[in-house]
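Read off the chains here:
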Amino acid sequence: MTAPAPSLLEAMLPAVFSVVASTEETADTITLRVQPQASGTTAFGPGQFSMLYAFGVGEVPISISGDPGFAGFLEYTIRSVGAVTKALSALDQGDPLGVRGPYGVGWPIDGASGRDLLIIAGGIGLAPLRPVVLHVLANRSRFNSVSLLYGARTPSDLLFNFQLHEWRSRFDVDFEVTVDRGDSAWMGDVGMVTQLLNRVSFEPDNTTAMVCGPELMMRATARQLQAHGVATRDIAVSLERNMKCGIGMCGHCQLSTHLLCRDGPVVSYDVAEPWMEVAEL
Amino acid sequence: MNELELNQLHRSFTDLSEASLDVLAEYAHPRHYEAGRVIFEGDGSADEFYVVRSGTVTLEMPSPGREPLVVETIGPGELLGVSWAFPPYRWNWRARAQSDVELVAFDAERVREGVRDDPVLRTALLEAVAVEAVDRLHATRMRLLDIYRATP
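Please read these numbers as outputs of a predicted model, since none were measured by experiment.

Trainee: Would you mind going over the sheet that holds strand β15 (residues 266-268) of chain A with me for this structure?
Mentor: Each strand in a sheet pairs with its neighbour through backbone hydrogen bonds, running either in the same direction (parallel) or in the opposite one (antiparallel). Residues and elements named next belong to chain A. Strand order in the open sheet formed by seven strands is β10-β9-β8-β7-β11-β12-β15, with mixed pairing between adjacent strands. The open sheet is flanked by β10 (189-190) and β15, the only strands paired with a single partner. Taken together, the three bridges between strand β11 (residues 207-212) and strand β12 (residues 235-238) define a ladder with parallel strand orientation. Across the sheet, residue A209 finds its bridge partner in β12, namely I235. Packing against the sheet, helix α3 (residues 126-138) makes contact with β7 (116-122), β8 (146-152), β11 and β12, and its axis sits at approximately 150° to β7.

Shown next as structure tokens:
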């Protein structure tokens, strides 16, 4: 028996959550851990997003960046770039915020079972992929080789530093990190994340790739994956557009035939590829 | 260095014939550098080129009064050095072992001589250079765009 679909009013009404913790990731990025004050779901699938409402300021779509195996709270990694994200970033422990969702289609984790898995993130794009990483590490035996490739602008822009060390110490995961510009203390790779593909081994015809970052990065990465022989349909990307309602009603996030809040944000690259070559849709 | 090892060393070597691999093997020598050692200097003669087997190498530019500026790192399966293939055969960047590094070094002068009468091998080597150069050009252009910068 399935739960009745929420009415339009219910779907548009945010549940009130409280901030449990706010963790500074970088100079302009924080991770909020929130829990419902009364009602509100904390179940989600990796790749889904919520509409977060900073009361009196506005609402923005933010991907869920926490562990799907942990019930009771949700995590969001937020970069302060506009009025709403700035207000959300300023929230402190105990402060309220509105949460609608989770919404959208997430990463194709079930389809990746038994296959080689490439998780490729650029910049803030690691946030929507972090639930995948946490799920995969908790269920490692379900996958063949697992490679995580992560590119950032500088060493001080790397997210989830405490967890990067933990992931790097795993013997059952290939984890490579690169930055566009190093500094005197940086002893890691310098270069574009696409170049790391040469460092990891995978069977192209048995590989699922999940890619998230700026669209230019995703397009360059998808092309490299295609050049390595990965089928276009086996490459998943997460697209961001102007999500407003989150339920496929308002049409603000329409991209060609898709409403990304409902049919995305994660789509197969064979769907996304024609759109990513168009200057304006 | 045997044919099988050479064949798997670089993606452009995988389709080489046994005869071409034999020729290439004559010019190949394993080489080890400890972390921090300079492999070649930025104004030196490009008389060798390398393929990285393990570890990473930085390409860097010395800068007076500060740490060298690292422009790129080269890792396993990648070609280190492209200036050996074209006149005036001089390096443009300093290469330094970032970690302990295992390389295969090729005698560039002998390779240039040896491939003159071997168009297949000559093409494969130039393809290896071109593939790496194009990949790095694309990657450098992407980095120039500064795509990870925050935009409202």
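Trainee: Could you clarify how one ought to interpret the interface of chain A and chain B in this entry?
Mentor: Much of the literature gives interface size as the accessible area that the parts lose upon coming together. Counting residues at the interface gives 25 residues for chain A, matched by 23 residues for chain B. Within the residue set of the side of chain A that touches chain B, elements represented by two or more residues are β10 and α5 (215-227) of chain A. Ranked by the residues each element gives to the side of chain A that touches chain B, the list is headed by α5 of chain A, at three residues. A breakdown of the residues in the side of chain A that touches chain B according to their chemical character gives nine nonpolar, nine polar and seven charged.

Trainee: Is there a simple way to think about the nonpolar core in this case?
Mentor: Considering soluble globular proteins, one finds that nonpolar side chains tend to be buried as a cluster. Residue and element names in this part refer to chain A. By size, the foremost hydrophobic cluster in this structure holds 82 residues, and its most contacted members are I119, V211 and V237. By residue number, the principal contributor to this core is α3, which donates six residues. No fewer than three residues from each of domain 1 (8-103) and domain 2 (110-276) sit in this core. Discounting chain neighbours no more than four positions away, the residues touching I119 are L129, V132, V133, L148 and M210.

Trainee: Which parts of the structure should I look at to understand the domain arrangement of chain A?
Mentor: Residues and elements named next belong to chain A. If you check the domain split of chain A, you get domain 1 (8-103) and domain 2 (110-276). Counting from both sides, the interface comprises 23 residues of domain 1 and, opposite them, 21 residues of domain 2. Considering every element that reaches the side of domain 1 that touches domain 2, the biggest residue donor is strand β6 (residues 96-103), with three residues. Of the residues assigned to the side of domain 1 that touches domain 2, the class counts are ten nonpolar, nine polar and four charged.

Trainee: When you look at the confidence of the model for chain B in this model, what are you seeing that I'm missing?
Mentor: If pLDDT is low for a region, its predicted coordinates should not be looked at in detail. Averaged over all residues, the pLDDT of chain B is 89; the fraction at 70 or higher stands at 97%. Listed scores for the predicted complex are pTM 0.91 and ipTM 0.88.

Trainee: Please explain the sheet that holds strand β3 (residues 48-54) of chain B as it appears in this structure.
Mentor: Residues and elements named next belong to chain B. Overall, antiparallel pairing links the four strands, which are arranged β1-β8-β3-β6 in an open sheet. Since the sheet does not close on itself, it has two edges, and those belong to β1 (28-33) and β6 (79-80), each with one partner. In this sheet, strand β8 (residues 101-107) lies alongside β1 in antiparallel orientation, the contact comprising six bridges. Note that in β8 the partner of A28 across the bridge is F106.

Reading the values: the criteria
- Residues numbered from 1 in each chain as written.
- Chains lettered and ligands numbered in written order.
- Predicted model: local features only at pLDDT ≥ 70, side-chain atom pairs only at ≥ 80, totals over all residues.
- Pairing = 2+ DSSP bridges.
- Helix = DSSP H or I, 4+ residues; strand = E, 2+ residues; numbered from the N terminus.
- Contact = placed C-beta atoms within 7 Å.
- Axes fitted to C-alpha atoms, helices over the stretch in contact; angles between N-to-C directions.
- Nonpolar A, V, L, I, M, F, W, Y, C, P; charged D, E, K, R; others polar.
- Core = buried A, V, L, I, M, F, W, Y, C linked by C-beta atoms within 7 Å.
- Buried ≥ 20, exposed ≤ 12 C-beta atoms within 10 Å, placed from the backbone.
- Domains from an automatic or database assignment.
- pLDDT = per-residue confidence, 0-100.

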